[in-house]
Amino acid sequence: MSVEQTLSIIKPDGVEKNLIGEICRRFENAGLQIVAARMMHLSKEQAEGFYEVHKERPFYADLVSYMTSGPVFVQVLEGESAIGKNREIMGATNPADADAGTIRKDFAASIEENVVHGSDGPETAAQEIAFFFGDDGLCPRTR
Ligand code: CMP
């Protein structure tokens, strides 16, 4: 076990449903701390760049269109095993497969519109955090 940082995105459907507070509450209740946060409307180029790993997948164009359809809430979560904890709290990518009590089971409409994104491992987390917050965009919790 170690203290990790991970990137979380509340996607346009989550923002539209006014779930920012509810979702942050779940992260904080699990002991995670928010060390950076930003509301933004992604450009096509930003969404394409962020999801470049999925460029060859059949859902890529729809994914970019969805992620640019409205504002997103991007944040960095920090805490013990933050990457795995965030993924547990989100639930499976497809809400139909997600466990009861997870964000996606409770709020996601489909595998395409699934409310939240979370980094899937340490390398991805570092890349994704740098993508949105650079090297010095985090705010250490001094108390
Ligand atoms: P996310 O965890 O952000 O990673 C890639 C996103 O692509 C995923 O959540 C969904 O929003 C979207 N997506 C759409 N269709 C699929 C699919 N068949 N498999 C995985 N992800 C999909």
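Here the structure is a predicted model, which means the values were calculated and not measured. (Residues numbered from 1 in each chain as written. Predicted model: local features only at pLDDT ≥ 70, side-chain atom pairs only at ≥ 80, totals over all residues. Heavy atoms only, no water.)

Student: Now, about the pattern of salt bridges: what can you tell me, with residues and values included?
Tutor: Using the criterion set out here, one finds 5 salt bridges in the structure. Of the charged contacts, one joins arginine 25 and glutamate 28 as a salt bridge, the two residues approaching to 3.8 Å between their closest N and O atoms. Placement of the pair is arginine 25 and glutamate 28 together in helix H2 (residues 20–29), with a separation of 3 residues, close to one helical turn. Residue arginine 25 is classed as partly exposed on the basis of its relative accessible area of 43%. (Salt bridge = Lys/Arg side-chain N within 4 Å of Asp/Glu carboxyl O. Helix = DSSP H or I, 4+ residues; strand = E, 2+ residues; numbered from the N terminus. Buried < 20%, exposed > 50% of the residue type's maximum accessible area, 1.4 Å probe, protein only.)

Student: Can you break down the nonpolar core residue by residue, with the values?
Tutor: With 20 residues, the main nonpolar core has Leu7, Ile9, Met67, Val74 and Phe132 as its most contacted residues. Of all elements in the fold, only strand S1 (3–10), strand S2 (33–40), helix H3 (44–50), helix H4 (60–67), strand S3 (72–80) and helix H7 (122–133) reach the threshold of two or more residues within this core. Examining the composition of this core, we find that 5 residues originate from one element, H4, more than from any other. Beyond its immediate stretch of four places on either side in the chain, leucine 7 contacts Phe50, Val74, Gln75, Val76, Asn86, His117, Gly118, Ser119, Glu128, Ile129, Phe132 and Phe133. Listed in part, the 17 residues of the second largest apolar core include Leu19, Phe27, Phe73 and Val116. (Core = buried A, V, L, I, M, F, W, Y, C linked by side-chain atoms within 4.5 Å. Contact = heavy atoms within 4.5 Å.)

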